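# Summary of structural features
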Amino acid sequence: SQKIEQNSEALNIQEGKTATLTCNYTNYSPAYLQWYRQDPGRGPVFLLLIRENEKEKRKERLKVTFDTTLKQSLFHITASQPADSATYLCALGGGTDKLIFGTGTRLQVFP
Amino acid sequence: DAGVIQSPRHEVTEMGQEVTLRCKPISGHDYLFWYRQTMMRGLELLIYFNNNVPIDDSGMPEDRFSAKMPNASFSTLKIQPSEPRDSAVYFCASSLSTKGLYEQYFGPGTRLTVT
């Protein structure tokens, strides 16, 4: 069955450093991959979408890579700030109209 | 735009009672999704609609769950009878799938507690 793995342990980093979150998947060939941010008590918020034929996509301090050979996506936040502290979810899609979400990784940025 | 609207925000009910969750998608969006989120299982898709028609309900846990979308601006998720294991946060999301863009817009969720 399709499986998406995100690091269940929280990632703690110091302000100003680059945070790197990982999303691995198996038994799936997604046409695209999305990253969402979720704050406590709120719904997920869309951040970025990257397609299978794209290696990298950037948006301000965010960068996403997509390696279909490794079946992995990396999500980077450069110059991290305490306001970046949240849970980040990856989601895979393609073939149908629905997304399959990972369980998310909690990021904590300390001043 | 007000975004996706869900009600109630919190619901506490006793086992065996009927629970109805409500969702108003973003105007003009043609897809509506119902999710359930728990610590153990993460965000799970229950059912989704396209142009008010249910497309895939394979995620609905059992017959106690039902969902309807009578028009483009309203959907309900009903649990009857409710059980303690249904306790979770239920999210509604909508999207507009044009030009291959599939980003979903989530509501604030309904936190359901069944005692």
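A brief structural summary. (Residues numbered from 1 in each chain as written. Chains lettered and ligands numbered in written order. Predicted model: local features only at pLDDT ≥ 70, side-chain atom pairs only at ≥ 80, totals over all residues. Heavy atoms only, no water.)

### Looking at the sheet that holds strand 1 (residues 5–7) of chain B
Sheet strands line up and pair through hydrogen bonds in the backbone, either parallel or antiparallel. Residues and elements named next belong to chain B. The following threshold applies: The criterion for strand pairing is that DSSP finds at least two bridges linking the strands in question. Elements are defined by DSSP. Helices are runs of H or I of four residues or more, strands are runs of E of two residues or more, and each kind is numbered from the N terminus. Each axis is a line fitted through C-alpha atoms, taken for helices only over the stretch in contact, and angles between the N-to-C directions span 0 to 180 degrees.
Read from one edge to the other, the open sheet built from 4 strands follows the order 1-3-8-7, with strand pairing classed as antiparallel. With partners counted over all chains shown, the strands left at the sheet margins are strand 1 and strand 7 (65–71), one partner each. Adjacent strand axes in the sheet meet at a mean angle of 15°, parallel and antiparallel pairs treated alike. One ladder, built from 5 bridges, connects strand 7 with strand 8 (residues 74–79); its direction is antiparallel. Considered in strand 8, the bridge of Lys-68 is made with Thr-76.

### Some points on the nonpolar core
Test applied: Put simply, a nonpolar core is a bunch of buried Ala, Val, Leu, Ile, Met, Phe, Trp, Tyr and Cys residues held in one set by side-chain atoms that sit within 4.5 Å of each other. Each residue is assigned to one of three classes by its accessible area relative to the maximum for its type, calculated with a 1.4 Å probe on protein chains only: buried under 20%, partly exposed between the two thresholds, exposed over 50%. Working rule for contacts: check all heavy atoms of both residues, and any pair within 4.5 Å makes them a contact.
With 23 residues, the main nonpolar core has Leu-33, Trp-35, Phe-75 and Tyr-88 of chain A as its most contacted residues. When contributions to this core are tallied by element, the ones reaching two or more residues are strand 3 (19–26), strand 4 (32–38), strand 5 (45–51), strand 7 (62–67), strand 8 (72–77), strand 9 (86–93) and strand 11 (105–110) of chain A. The residues contacting Phe-75 of chain A, other than those within four sequence positions of it, are Ala-19, Thr-20, Leu-21, Trp-35, Leu-47, Leu-48, Leu-62, Lys-63, Val-64 and Tyr-88 of chain A. With 21 residues, the next largest nonpolar core counts Phe-65, Ala-67, Leu-77 and Ile-79 of chain B among its residues.

### Observations regarding the environment of Pro-30 of chain A
The residue Pro-30 of chain A is located in the loop between strand 3 and strand 4 in this model. Put simply, Pro-30 of chain A and Phe-75 of chain A are 45 residues apart on the chain and 17 Å apart in space, counted from C-alpha to C-alpha.

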